[in-house]
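This is what each chain is made of:
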Amino acid sequence: MARLSGRAGVEDDDMPHFEPIDFDDLHELLEGVDAKDDPVSAALELGVQETKRVASQVDQRLEELEQESIGDYVASFQSFQDLHKEIQETDHILEKMEKMLGTFQSDLTGISDEIRMLQGDSLQMNMKLRNRRALQSLMSEYVNSVVVSPTLVKQISDEEINEAYLEYLSELNRKLDHVKQQEMQKLPSCAQSTPQLEQLRTKAVARIKDFLLQKINTLKRPRTNLQILQRNVLVKFKFFTQFLAEHHPAVAREVQQHYVETMSGQYLKQFKTYVSSLQKLELEYSPTRADLLVSSEWQSSSGARRFLDNIGLGPSVALNSKGNVFSLSGRDAILKELEKDPIIAHTHKDKIKYYHEQLFRSHQMLLMDTATSEFLFLNDFFDTKGDHGLFVEVFGKTTQFFLDSLETFLVNCWDSVGLMLMIRIVDFYRKCMQRRKVSCLDSYLDAQQLMIRPRLRMVLDENVKSLRKACQQNLPLVANTHPTHPHLVTRRYAELAASLYALSSPEAGALADSLQQPLTQMQQEACALCRAMSSKLENQELGLVFLVNNYDLVLTVFHERHLPRTATTPFEELLKEQVQLFIESQLMRHFPDLVMFVKSTEPHVADVDESTARAQQGPPLGVDVQRMEQVVRKFSQSWNTETRQINSYVMTSFTNFSNGSEILNQVLMQLLLYYTRLQKIIAKSFPKQPPAFSHEMVTSSTLLMEIKQYSRSF
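Since we're looking at a predicted model, the values are computed, not measured.

Calculation notes
The numbers attached to residues start from 1 for each chain and follow its sequence in the written order. In keeping with the model being predicted, local features are shown solely for residues with a pLDDT of at least 70 and side-chain atom pairs are shown and tallied solely at 80 or more, while totals for entire chains, interfaces and linings include all residues. Working from all heavy atoms in the structure, the side-chain values ignore hydrogens and water. For Phe, Tyr and Trp, rings pair up if their centres lie within 6.5 Å, where Trp contributes its six-membered ring, and each pair is then called stacked (planes under 30 degrees apart), edge-to-face (over 60) or tilted (otherwise). Elements are defined by DSSP. Helices are runs of H or I of four residues or more, strands are runs of E of two residues or more, and each kind is numbered from the N terminus. Partly exposed describes any residue whose relative accessible area lies between the buried limit of under 20% and the exposed limit of over 50%, with all areas from a 1.4 Å probe on protein chains only and scaled to the type maximum. Axes here mean lines fitted to C-alpha atoms, for a helix over just the part in contact, with angles spanning 0 to 180 degrees between N-to-C directions. Our angle categories are set so that under 35 degrees counts as roughly parallel, over 145 as roughly antiparallel, 65 to 115 as roughly perpendicular, and the remainder as oblique. In this analysis, two residues are considered to be in contact whenever any of their non-hydrogen atoms come within 4.5 Å of each other. Think of a patch as exposed residues, more than 30% relative accessible area, with no salt bridge, where like charges cluster within 9 Å and nonpolar side chains (Val, Leu, Ile, Met, Phe, Trp, Tyr) cluster within 5 Å. Methods summary: accessible areas were calculated by the Shrake-Rupley approach with a probe of 1.4 Å, and residue burial reflects only the protein chains presented. Each reported salt bridge corresponds to a side-chain nitrogen of Lys or Arg within 4 Å of a carboxyl oxygen of Asp or Glu. Crossing handedness is defined as follows: a turn of the near helix away from the far one that is anticlockwise and smaller than a right angle gives a left-handed crossing, while the clockwise case is right-handed. Residues are grouped as follows: nonpolar covers Ala, Val, Leu, Ile, Met, Phe, Trp, Tyr, Cys and Pro; charged covers Asp, Glu, Lys and Arg; every other residue, Gly included, is treated as polar.

A.B. asks: Sorry, what's going on with the packing of aromatic side chains here?
C.D. replies: Each aromatic ring pair is specified by the distance between its two centres and by the angle formed by the two planes. Counting across every chain of the model gives 23 aromatic pairs. Ring centres of Y165 and Y168 lie 6.1 Å apart, and the angle between their planes is 80 degrees; on these two criteria the pair is classed as edge-to-face. Linking Y165 with Y168, this pair stays in helix 6 (residues 165-179), spanning 3 residues, or about one helical turn. Seen from their ring centres, F591 and F635 are 5.4 Å apart, and the 45 degrees between their planes marks the pair as tilted. With a gap of 44 residues between them, F591 in the loop between helix 19 (565-590) and helix 20 (592-605) and F635 in helix 22 (residues 625-653) connect regions that are remote in the sequence. Of the two residues examined, F591 and F635, each falls in the buried class. Here the aromatic residues Y165, Y168, F211, F237 and F240 are joined through ring pairs into a cluster of three or more.

A.B. asks: Teacher, can you tell me more about the packing of helix 13 (residues 389-411) against helix 15 (residues 442-472) here?
C.D. replies: Geometrically, a packed helix pair is captured by the angle between its two axes and the distance between the axes. The contact between helix 13 and helix 15 brings their axes to 11 Å, and the two run at 5 degrees. Between helix 13 and helix 15, the angle falls in the class roughly parallel. In this structure, helix 13 contributes T399, F402, L403, L406, E407, L410 and V411 to the contact, and helix 15 contributes Y444, A447, Q448, M451, I452 and R455.

A.B. asks: What is the right way to read a nonpolar patch on the surface from this model?
C.D. replies: On the surface, a nonpolar cluster with roughly 320 Å² of combined accessible area is contributed by V54, V58, L62 and L65. Within the secondary structure, L62 is located in helix 3 (residues 39-75).

A.B. asks: Looking at this model, I keep getting lost on the packing of helix 19 against helix 22. Mind explaining?
C.D. replies: Close contact between helix 19 and helix 22 brings their axes to 10 Å; oriented N to C, the two are set at 140 degrees. As judged from the angle between their axes, helix 19 and helix 22 are oblique. You can see that helix 19 and helix 22 cross each other, and the crossing is right-handed. Only E642, Q645, I646, Y649 and V650 of helix 22 make contact with helix 19, whose side of the interface consists of F582, Q586, R589 and H590. For the contact of helix 19 with helix 22, the class distribution of residues is 4 nonpolar, 3 polar and 2 charged.

Shape is all these values report; function is a separate question.
Structure (structure tokens):
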């Protein structure tokens, strides 16, 4: 009840509060109402009676249940009594266990104290054991480093030198290093063992020296693969050189010097043999000074024969043994094969001939790989720590041989394309060595560049001078050829310039900048020579055709080589200028009256517009109507014949048919333009009524149809 009252109290606090209601008036009203008359009152009265009856039934049932509960409790009394007894017995047992646990706890406390004592004793014993073992190790190490066992003496003195010998030598090296320590030399035991160790050291040095000299001498055998012998044999015994360097530097220098002399001679001999075998594969014909753009021998007594030799038609040299001096002709393919294996001479005997740059690439590739292998071997075997001194001693004669050979070759080299390719080859191998992080050939590659680049510039300057000299000395036109066809010098220049532009691509780096000046000079001199030769022709028109053909040839070669716009633009402008002059020349030759009348009359009608034309009473001042009529009649009579003559002349004059077709179209379109301008002059001169001769005029559509017909038939 207390819980209920408390809960009720909580619920009363949480519920909202209402004002008290007075039901007295309600009772009075209900009592004043007759239940019989009011059905609501009757229903309420009946409900109250039913509630009282149900409440009495509930109370009666509760009394019955209470009696039954009391009976059940009385019946269960014995069970409650047994449960009480069991609880008391359990409490007694737990009390005994508590006493036992207390006794066990006191015993554990005593044992813990004993354990702590034992642990302290154990730590002390461990410390003593460690100290004794450390002392034993030191003593054992000392004894081992001082005492020279008979086994070690036998191993050093008598055992075969192989990979196992390295272990014996390492043990001896440790003993020698130990007795060299300053604090060890004061001990009597060290002083006693030092003489015996010195004897073993002397014996080991002598045996190692003989062994290394023997192995180095095997490098002199013919057909020996030096790199395999170095890597598979000598490198395994690199500790020998370290032992000698530490314990007998004089012998170490002797072995090193013997290696230098042996390998220096071997490399020089092998590379000389290889280069000599490659020279047998070189093209028989080598460009000379006569192979400039303009040869000075063309005008000599034997000029005809020399000229035929220059173009590859001479009887002295077979075509398959002669290279192209000016054109790439696939020579640049070598730039994509720079990492290809070197040429093996004996497999190509009497089969294939090579340009000099191909042979140059081959032996330089072999030199680069060999130098890289040798540098790494020296660094590993002699522990040079990256120093170049020993490498220079070994490879100095070989690199000097190549520099001397290059100098001899350059003295008589006039092949500018080959020189360009050689520069690109050297530059590529420099970058290759940089990627390998091996710099032993840097000075050698620098020396090559310093020799090849000036020679290339000199050859290019001589080509420029040959053009300038030919212009000054009035180079004759090529015999037995049409005078307006492209000159041989023009083709040579186009091929050479295209080759130089192609090889001086952005990948060439600074090389492209150094070539810009000679290329510009060469272009200027070539154009000046063409102009000079064109002026020697019979008339100006032939000179224009000659210039158009030559400029078109240059552009054709440039476009075939896919040169950049910077190279083609100057000649495109020159060609456009000469074509315009040729067009005007053709029209002045075949339609002079039309061209001159239009040019002279247009200024007089320039100010005439539609409004002024209606007001004028006749042709404007300055307009010669009679001459106008003559021009119209002459044009209508001769235009067809003249256009056919133009077509025939263009077809026979220009060597490039596509270029000739384009020029013919431009000539005819310019003719149509002049005729259209004539029609405008007539329209402005007679705005009200066409002149009497207007019916004789050729229509523009007729001219246009004729132009289309010529375009299709060309």
